[in-house]
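Commentary on secondary and tertiary structure
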Amino acid sequence: MTIAPLTSPPAHAPAQTADRPKKGTWRLVLIAALLIYIFIPIVGLLRFSTRAANGISFQFYRDAFADPSFYSFLGNSLFAGLWTIAITLTLTTFTLYWAYLKARWLLPLMEMLSLLPFVVPAVTLGIGLIQVFTTPPLALTGTPQLLIGAYAIVTLPFAYRAVENSLQGANVLTLTEAAESLGASWWRIFIEIILPCVWSGVISGGLLVFSFVFGEFTLALFLVGSSYQTFPLYIQQLYSYQPQYSVVMSLLSFVATWLAAWLLVVFTRGKN
Amino acid sequence: MSYLELVHLFKSYGSVMAVQDVNLQIPAGEFISLLGPSGCGKTTILRMIAGFEKTTGGSILLEGQDITHIPANRRDMGMVFQSYSLFPHMTAGQNIAFGLRVKRLSHGQQRIRVHEMLELVGLSGMGDRYPHQMSGGQQQRVALARALAISPRLLLLDEPLSALDAKVRLQLRNEIRRIQQQLDITTLFVTHDQEEALSISDRVVVMSQGRIDQAGTPEEIYLTPSTAFTASFIGAMNQIPGVWEGEQVRVSAHPNTQIPDEFLRTQTMEISNGTNVLVLVRPESITVLRPEDSIPADYNLLSGLVTSRIFLGSVVRLSVLVGEFYLNVDVPTAQAEQFTSGQVVQLGFPADQCRVLAIAPAAPQSALPHKQVRSVV
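Here the structure is a predicted model, which means the values were calculated and not measured.

Along its length, chain B carries 8 helices and 20 strands. Here chain B, with 377 residues, has 42% of them falling under the buried criterion. A separation of at least 24 residues holds for 67% of the contacts in chain B among residues at least 6 apart in sequence.

Below, the structure is given as structure tokens:
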């Protein structure tokens, strides 16, 4: 017995094929709109910063990189960013690992607490911290320590979410027990077994934290102001008397953030 | 002297008693299975032995040493988990070598041991593969090799075959037994699969509601269950209620499907007259008689109505209504065609295949090796 070939498509097929290009077109339109929305301001900044009487010039870029204070402010932001990453990730990773092993009932509470920094506006947090840290023995206002401490609180949701997602997928309890039965100590298990399993989450969290700190303005203005100037404060300062330099710095800030986002994609691709 | 001994072991979670007064003695080199339904406490016992759960009461002795409060990483026990639990960022070889690194063996010694272990579990040449490049069965072999590499004092297997498909499960089951016998390592195997437990164990401990229900060799457990729970949990078992009356059991009759003399002949037991009992008989012990069959003198004869039939491969299981109860009867598939629903059949089974259990409330008990924990009185 042979099976007759299907000579005509089912009745509903033409309608389906007609729908497909329509959906595809809509997708393209949406993506194009998004790209225009993102890139028009950047193109504007780029054009503003390279405009010259005789066409295009990169003089502002050359001048900006030649300014020693640029490196000083960049260094301050990098310092604050790296310390914030270290503090936030250490706290988050250890605490979450401990909760996964010993107190899973705490996880919903921890999740709720981790979201609190989103609820409190930066201005409110800044003023509150100034109130507490102005008088001895906790007179820390104006010091990078206070700024880093505040950043560690504000960036908690980013680090928490990234690390928690990794821990969820890693079956940490069984891996810990397997390593324990082989004689490993708690530290060894954490460093050699758990950390490599959640590494992609730790890296993602770190990059998110860094992106945030690198562009944060309000807390820096309130807590340290001119005594410890970060990169966003430098941009704001430049804007008042050298707008083109300020635009150059804004573009650099964009590039740094995109670089962080790209690294994030590279590190998390195909994991978890 | 016992190699491993559990003495009055208790474990509770709040008001829930997970393990209640468990006593067990395991000689060196024995393969013992903890068998029972989900939530019966078998995994909790294993985890307490491994050191992952604290005991609420009692003690655990290994080679006479009390290890109840020793941390898990100092107990020197190899454990295999249901979910493989291989370290995903390490190759099979690195997984096996992990415990050896912890023990500070030299690189050369580690390499030799890893090679030996891979060979033992039939994975020679696969040491460079990562877990995600291996099948479930291969991953579990690596987990077994990793647990054995450190030459543990005790091998603990927590439902290691549950996540595997039927064919691999059977193959790995035999491999585990071969390796256990080859290394002569004392092994505790937790499973809810009775076939698994019966086929590879020296001794089976049947558990129910946190207690040991019966402990014995697979043959003892299967042929002479001492409780209604073990009888019903291990294989298919017909349980016919009746009353013990002078060496026989009176069972209730039904006008349509009669029992000729209302009495069943059973194994000889010491039971007081008038005691309510259960007569236990396996479906494979019951024969559907044909008119030309000669009937031995010690046979119980019953007639009943076939109500349904289930194809099980080599046998067809008939459900036959006899008196006020149903009996399951296994008939070889080749002979099963002649029996249809609604047909009246004659059943027969020998008295020595009928075990009798007095129906009595369950009482706390302990389990000792090669001893039935509850005698039928």
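Before going further, it helps to examine the UniProt feature "domain: ABC transmembrane type-1" (unreviewed entry) in chain A. According to UniProt, the "domain: ABC transmembrane type-1" (unreviewed entry) feature falls on residues 74-264 of chain A. Across residues 74-264 of chain A, the secondary structure splits into 82% helix and 0% strand, with the terminal C-alpha atoms separated by 21 Å.

Across the boundary between the two partners, chain B contributes 18 residues, which contact 15 residues of chain A. Listing elements by their share of the side of chain B that touches chain A, those giving two or more residues are β6 (77-80) and α2 (92-102) of chain B. Of the residues belonging to the side of chain B that touches chain A, the class tally is 11 nonpolar, 6 polar and 1 charged.

What follows deals with the UniProt feature "domain: ABC transporter" (unreviewed entry) in chain B. With numbering aligned to this structure, UniProt lists the feature "domain: ABC transporter" (unreviewed entry) at residues 4-234 of chain B. Strand forms 26% of residues 4-234 of chain B and helix 37%; the C-alpha atoms that close the span are 26 Å apart.

This brings us to the sheet that holds strand β17 (residues 315-322) of chain B. All names here are of chain B. One open sheet accounts for 5 strands, arranged β15-β19-β16-β17-β18; its pairing is antiparallel. Here the strands that pair on one side only, and so sit at the sheet edges, are β15 (287-289) and β18 (325-332). Here the strands of the sheet are splayed against their neighbours by 50° on average, with no regard to which way each runs. Two elements, strand β16 (residues 299-311) and β17, share 6 bridges in a ladder whose sense is antiparallel. The residue bridging Ser-308 from the neighbouring strand is Ser-319, located in β17.

Our focus in this paragraph is helix α6 (residues 144-154) of chain A. Every buried residue belonging to α6(A) is among Leu146(A), Leu147(A), Ile148(A), Ala150(A), Tyr151(A), Ala152(A) and Val154(A), and all of these are buried. For α6(A), the secondary structure elements touched by its buried residues are α3 (68-102), α4 (107-119), α5 (122-132), α10 (199-215) and α11 (218-223) of chain A.

This brings us to the environment of Thr84(A). Residues and elements named next belong to chain A. With respect to the helices and strands, Thr-84 occurs in helix α3. When the C-alpha atoms of Thr-84 and Tyr-151 are compared, they prove to be 6.2 Å apart, with 67 residues separating the residues in sequence. What Thr-84 contacts, discounting residues up to four positions off in sequence, is Ile-148, Tyr-151, Ala-152, Thr-155, Val-209 and Val-213.

For the rest of this paragraph, the subject is the sheet that holds strand β14 (residues 276-281) of chain B. Residues and elements named next belong to chain B. The sheet built from 5 strands is open, its strands ordered β13-β12-β11-β14-β20 with antiparallel pairing. The open sheet has two edge strands with one neighbour each: β13 (263-265) and β20 (355-358). Sheet twist, expressed as the mean angle between neighbouring strand axes with direction ignored, is 45°. In terms of strand pairing, strand β11 (residues 238-245) meets strand β12 (residues 248-250) through 3 bridges, oriented antiparallel. Along β12, the bridge assignment pairs Val-243 with Arg-250.

What follows is about unusual backbone geometry. All names here are of chain B. The backbone phi angle of Ser-85 is positive, close to 55°, even though this residue is not glycine. As for its position among the elements, Ser-85 is in the loop between β6 and α2. One non-glycine residue with positive phi stands out, namely Asp-184, at about 55°. Here Asp-184 lies in the loop between α5 (166-183) and β8 (187-191). A tally of 10 C-beta atoms within 10 Å means that Asp-184 is categorised as exposed.

We now examine the domain arrangement of chain A. One frequently used descriptor of interface size is the decrease in accessible area upon assembly of the parts. Residues and elements named next belong to chain A. Considered domain by domain, chain A is made up of domain 1 (25-57) and domain 2 (69-268). One C-alpha centre belongs to domain 1, the other to domain 2, and the line joining them spans 31 Å. With 5 residues of domain 1 at the contact, the number on the domain 2 side is 6 residues. Of the residues contributing to the side of domain 1 that touches domain 2, the split by class is 4 nonpolar, 1 polar and no charged.

This part covers the environment of Leu105(B). Residue and element names in this part refer to chain B. For Leu-105, the position within the fold is in the loop between α2 and α3 (107-120). On the basis of neighbour count, Leu-105 is assigned to the partly exposed category, with 17 C-beta atoms found within 10 Å. In contact with Leu-105, other than residues within four places in its own chain, are Leu-100 and Gln-110.

Rules used in this analysis
Residues numbered from 1 in each chain as written. Chains lettered and ligands numbered in written order. Predicted model: local features only at pLDDT ≥ 70, side-chain atom pairs only at ≥ 80, totals over all residues. Helix = DSSP H or I, 4+ residues; strand = E, 2+ residues; numbered from the N terminus. Buried ≥ 20, exposed ≤ 12 C-beta atoms within 10 Å, placed from the backbone. Contact = placed C-beta atoms within 7 Å. UniProt positions renumbered as here; feature names shortened; annotations may be inferred. Nonpolar A, V, L, I, M, F, W, Y, C, P; charged D, E, K, R; others polar. Pairing = 2+ DSSP bridges. Axes fitted to C-alpha atoms, helices over the stretch in contact; angles between N-to-C directions. Domains from an automatic or database assignment.

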